[in-house]
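Coordinates in review
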Amino acid sequence: MNPYILATLLFGLGLGTTITFASSHWLFAWMGLEINTLAIVPLMAQSHHPRAVEATTKYFLAQATAAAMLLFASISNAWLSGQWDIHQMSHPLPTTLIILALALKIGLAPLHTWMPEVLQGLDLTTGLILSTWQKLAPFCLLLQVQPANATLLLVLGITSTLVGGWGGLNQTQLRKILAYSSIAHLGWMILVLQFSPSLTFLTLLVYFIMTFSLFISFKISNATNINTLATSWAKAPALTSIIPLILLSLGGLPPLTGFLPKWLILQELTKQDLAPLATVAALSALLSLFFYLRLSYAMTLTMTPNNLTATLPWRLPSLQTTLPLAIASSTTICLLPLAPATAALFTW
């Protein structure tokens, strides 16, 4: 892609998110989301592969549906209450519609079905943008919609954690596994959204760091399915020892960073007398942990099914910059001892 066009599209991504961040009016927020969607569509279709074009079309249709719902709900709110302000949501009908529209935008279950298919058709770099940056603007709006429908948020959250766990169990494609992982993590964030917005923000931040580490690792080792993970030890031995730790951190195992948000969320749910919900969420984390362990097993404890040494990939020096990966993976693995300071920092 032409670097000037690429710079323009990335500027559009940043501008759309910034407009949504800065807006207190529903029309401006909607406009920011639309700029965001229109900026990423050419990035998704740049390879011109049929799978990429199909994924782009699915993504565009899902986002257009969510944007139409959002616009309809905000107009309904203005008609019912005379207010366009994001903080002035007094009627339950437009509030519920807006939460559902934003859930469709970020891919919460049961409105998640576009997410695995779209991510599977993209390259890892665009998939990383879709899994991280594209969640920021809708989450900003979800944090501002008050008073939200508490039951709806809890149902969306627990459904997403369960679907994210069950959906990834039988997958062999890494990008689909990452999509279901994203759905499960979003469910954890939504569960605690109404009780502790700061904890939701902390979980989102930790999720971004862990996902960034994993996408960059897979990009460097050029892995797209489980079978190619078995050959990664020949290409990047150091990376082969780090990726299982990143995967287990995503699964939420102590003493890795991913345990921190899950621990705090379960504690908060228990404080709110929602112990059964916390139990189901903790059990759903075990489902996710299973397919992370499966990936770790395939990467470190299995050999590629080739008889001849000559069929193994050449171990050539990587020309890609690894400093961002080094910083992100260190944060993904080693942040748990800073849990008291982190929790204090994010307590508003």
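Here the structure is a predicted model, which means the values were calculated and not measured.

1. Things to note about the overall build of the chain
Within the chain one finds 17 helices and 0 strands. Along the longest, intermediate and shortest principal axes, the C-alpha atoms of the chain span 75 × 50 × 35 Å. Every one of the 348 residues in the chain was classed for burial, and the buried ones make up 53%. Sequence-distant contacts, at least 24 apart, represent 78% of the contacts inside the chain between residues at least 6 apart. Just so you have it, the chain exposes about 15500 Å², and 71% of that area is on carbon and sulfur atoms.

2. Focus: the packing of aromatic side chains
Under the defined criterion, the tally for this structure stands at 4 aromatic pairs. A centroid spacing of 5.9 Å and a plane angle of 50° characterise the contact between Y207 and F208, whose relative ring orientation is tilted. Both residues of the pair, Y207 and F208, count as buried. Arranged with centres 4.9 Å apart and planes meeting at 55°, the rings of F291 and Y292 form a pair that is tilted. Using a relative accessible area of 2% as the deciding quantity, one classes Y292 as buried. Its end group placed over the ring of W188, K262 keeps NZ or CZ at 5.3 Å from the ring centre.

3. Some remarks on unusual backbone geometry
Phi is mostly negative for residues that are not glycine, and the peptide bonds are mostly trans. In the segment running from A109 into P110, the intervening peptide bond is cis, with an omega of 5°. Mapped onto the secondary structure, P110 falls in the loop between α4 (92-106) and α5 (114-120). Residues other than glycine seldom take positive phi values, yet H48 does so here, at roughly 60°. Looking at the element boundaries, H48 is found in the loop between α2 (26-44) and α3 (50-81). Residue classification places H48 among the exposed positions, given a relative accessible area of 66%. For D273, which is not a glycine, the phi torsion comes out positive at approximately 60°. You can see D273 is positioned in the loop between α14 (259-271) and α15 (275-300).

4. Details of the packing of helix α9 (residues 174-191) against α14
Their axes nearest at 10 Å, the elements α9 and α14 cross at an angle of 40°. Comparing the axis directions of α9 and α14 gives the class oblique. At the point where α9 passes α14, the crossing takes the left-handed sense. On the side of α9, the interface is formed by H185, W188 and L191, while α14 contributes K262, I265, L266 and L269. Classifying every residue of the contact of α9 with α14 gives 5 nonpolar, 1 polar and 1 charged.

5. Comments concerning the UniProt feature "domain: NADH:quinone oxidoreductase/Mrp antiporter transmembrane" (unreviewed entry) in the chain
Per the UniProt record, "domain: NADH:quinone oxidoreductase/Mrp antiporter transmembrane" (unreviewed entry) is annotated on residues 23-287. Secondary structure across residues 23-287 comprises 77% helix and 0% strand; the distance between its end C-alpha atoms is 38 Å.

6. A short note on the UniProt feature "transmembrane region" (unreviewed entry) in the chain
Taking the UniProt record as the reference, the feature "transmembrane region" (unreviewed entry) is found at residues 60-80, 92-115, 151-170, 177-195, 201-221, 233-254, 274-293 and 325-346. The span residues 60-80 is 100% helical and 0% strand by assignment, and the distance between its end C-alpha atoms comes to 30 Å. For residues 151-170, the helix share is 85%, the strand share is 0%, and the end-to-end C-alpha distance is 30 Å.

7. Quick word on the pattern of salt bridges
Here the idea is simple: oppositely charged side chains can pair when their charged atoms come close. Applying the stated criterion across every chain yields a total of 3 salt bridges. Put simply, K58 and E117 hold a salt bridge, and the shortest N to O gap is 3.8 Å. One end of the pair, K58, is in helix α3; the other, E117, is in helix α5, and 59 residues separate them in sequence. Residue E117 is classed as partly exposed on the basis of its relative accessible area, which comes to 31%. Three or more residues are tied together by salt bridges with common partners; here these are E54, K58, E117 and K176.

So, how was this worked out
- Residues numbered from 1 in each chain as written.
- Predicted model: local features only at pLDDT ≥ 70, side-chain atom pairs only at ≥ 80, totals over all residues.
- Heavy atoms only, no water.
- Helix = DSSP H or I, 4+ residues; strand = E, 2+ residues; numbered from the N terminus.
- Buried < 20%, exposed > 50% of the residue type's maximum accessible area, 1.4 Å probe, protein only.
- Contact = heavy atoms within 4.5 Å.
- Areas by Shrake-Rupley, 256 points an atom, 1.4 Å probe, with all protein chains shown as cover.
- Phe/Tyr/Trp six-rings, centres within 6.5 Å; stacked < 30°, edge-to-face > 60°.
- Lys NZ or Arg CZ within 6 Å of the ring centre and 35° of its normal.
- Axes fitted to C-alpha atoms, helices over the stretch in contact; angles between N-to-C directions.
- Parallel < 35°, antiparallel > 145°, perpendicular 65-115°, else oblique.
- Left-handed = near helix turned anticlockwise from the far one by under 90°.
- Nonpolar A, V, L, I, M, F, W, Y, C, P; charged D, E, K, R; others polar.
- UniProt positions renumbered as here; feature names shortened; annotations may be inferred.
- Salt bridge = Lys/Arg side-chain N within 4 Å of Asp/Glu carboxyl O.

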